[in-house]
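Geometric and topological summary
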Amino acid sequence: MSYYKSFENRTPYQASKFSLFIEALFQITAVVFIFVGFEYLIWRWNHSINWDAIWISLPLYFAEILAFIGSLLTIFNYWSHKDAPKTKPIHFLSEMEELNGRADRPIKIDLFIATYNEELEIVEDTVKDAIKVKYNYNDVIIKVYLLDDGHRDGTNPKQENFKLMAEKYQVTYISRENNIGYPELFIGFRYEKSKYQ
């Protein structure tokens, strides 16, 4: 499963620069599409419905209406190019919430790696990259947790030992007693307290 290794050193593509011409071209094309689409649906209803085979003709027409509505939603979503404003990275807790008398402190970041049946090699690469994550401020603590719903903690010799791998990279390993869904996420945890916390 190391096919992805050849992509390890890729750098992200540069974001496309905003072009007023391209946005205007899209909007003009979208308006033309909406006009033609409405005209087509009106024409279909008045001249193209096969009333002798209504059982297939009407469902097909309604499917075309749904496809047109989907296109309208796409146009609405992409109508105007607006980047999120760039803001300074958060440093202290007081920048996120009211402290109500509590002492201020730098924020803490938890990285959760959820796994169920992935191969150890893939998860190990994820862990190795996670512990390299850096934040803009050196006093912000980043903790990595390996959440294993596959119960691969070394008790079953037929399974790969994910707990041992987590200890190798000094990340906290957490496994649950059962795989109940998210409402019970923190109920029934078999929490392995780590010296790396």
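Here's what I pulled together on the structure shown here. (Residues numbered from 1 in each chain as written. Predicted model: local features only at pLDDT ≥ 70, side-chain atom pairs only at ≥ 80, totals over all residues. Heavy atoms only, no water.)

Structural notes on the overall build of the chain
From N to C terminus, the chain includes four helices and four strands. Secondary structure elements of the chain occur, N-terminal to C-terminal, as α-α-β-α-β-α-β-β. A compact globule built from 197 residues would reach a C-alpha radius of gyration of about 16 Å, whereas the chain, at 27 Å, exceeds it by more than 25%. In terms of its C-alpha atoms, the chain occupies a principal-axis envelope of roughly 75 × 45 × 45 Å. (Helix = DSSP H or I, 4+ residues; strand = E, 2+ residues; numbered from the N terminus. Rg over C-alpha atoms; globule rule 2.2 N^0.38 Å.)

Structural notes on the environment of Ile141
Following the sequence through the fold, Ile141 ends up in strand 2 (residues 141-148). Residue Ile141 is classed as partly exposed on the basis of its relative accessible area, which comes to 48%. For Ile141 and Lys108, which are 33 residues apart along the polypeptide, the C-alpha to C-alpha distance reads 5.1 Å. (Buried < 20%, exposed > 50% of the residue type's maximum accessible area, 1.4 Å probe, protein only.)

Some thoughts on helix 1 (residues 20-48)
Relative to the 42 Å expected for 29 residues at 1.5 Å per residue, helix 1 spans 40 Å between its end C-alpha atoms, a close match to the ideal helical length. All buried positions along helix 1 are accounted for by Glu23, Gln27, Ala30, Gly37, Leu41 and Arg44. Of the surrounding elements, those touching the buried residues of helix 1 are helix 2 (54-78). (Expected span 1.5 Å × (residues − 1). Contact = heavy atoms within 4.5 Å.)

Observations regarding the side chain of Arg176
Within the secondary structure, Arg176 sits in strand 3 (residues 172-176). Of the polar contacts made by the side chain of Arg176, one reaches the side chain of Asp149; its length is 2.7 Å. (Polar contact = N/O pair within 3.5 Å; in protein donor to acceptor, adjacent residues only side chain to side chain.)

With respect to the pattern of salt bridges
All told, the structure shown has six salt bridges when counted by the stated rule. When the shortest N-O distance is used, the salt bridge between Glu64 and Arg44 registers 2.8 Å. Here Glu64, found in helix 2, pairs with Arg44, found in helix 1; they are 20 residues apart in sequence, far enough to count as distant. The class of Glu64 is partly exposed, set by a relative accessible area of 22%. The class of Arg44 is buried, set by a relative accessible area of 6%. (Salt bridge = Lys/Arg side-chain N within 4 Å of Asp/Glu carboxyl O.)

Quick look at the environment of Ile56
Within the fold, Ile56 resides in helix 2. Placed 89 residues apart in sequence, Ile56 and Tyr145 show a C-alpha to C-alpha distance of 54 Å.

Some words on the pairing of strand 1 (residues 108-115)
A regular strand carries its side chains on alternate faces of the sheet. Bridge analysis of strand 1 against strand 2 gives eight bridges, and the strand direction is parallel. Across the sheet, Lys108 pairs through a bridge with Ile141, a residue of strand 2. With helix 3 (residues 120-130) bridging strand 1 and its parallel neighbour strand 2, the resulting β-α-β unit is right-handed. (Pairing = 2+ DSSP bridges. Right-handed = clockwise from strand over helix to strand, strands pointing away.)

What to know about helix 3
Every buried residue belonging to helix 3 is among Leu120, Val123, Glu124, Asp125, Val127 and Ala130, and all of these are buried. Turning to helix 3, the residues buried within the fold contact strand 1, strand 2 and helix 4 (162-168).

Comments concerning unusual backbone geometry
Residue Asn100 is not a glycine yet carries a positive backbone phi of 50°. Mapping Asn100 onto the fold places it in the loop between helix 2 and strand 1. Classification of Asn100 by relative accessible area gives exposed; the value is 71%. In this structure, His151 is a non-glycine residue whose phi angle is positive, near 55°. Examined against the element boundaries, His151 turns out to sit in the loop between strand 2 and helix 4.

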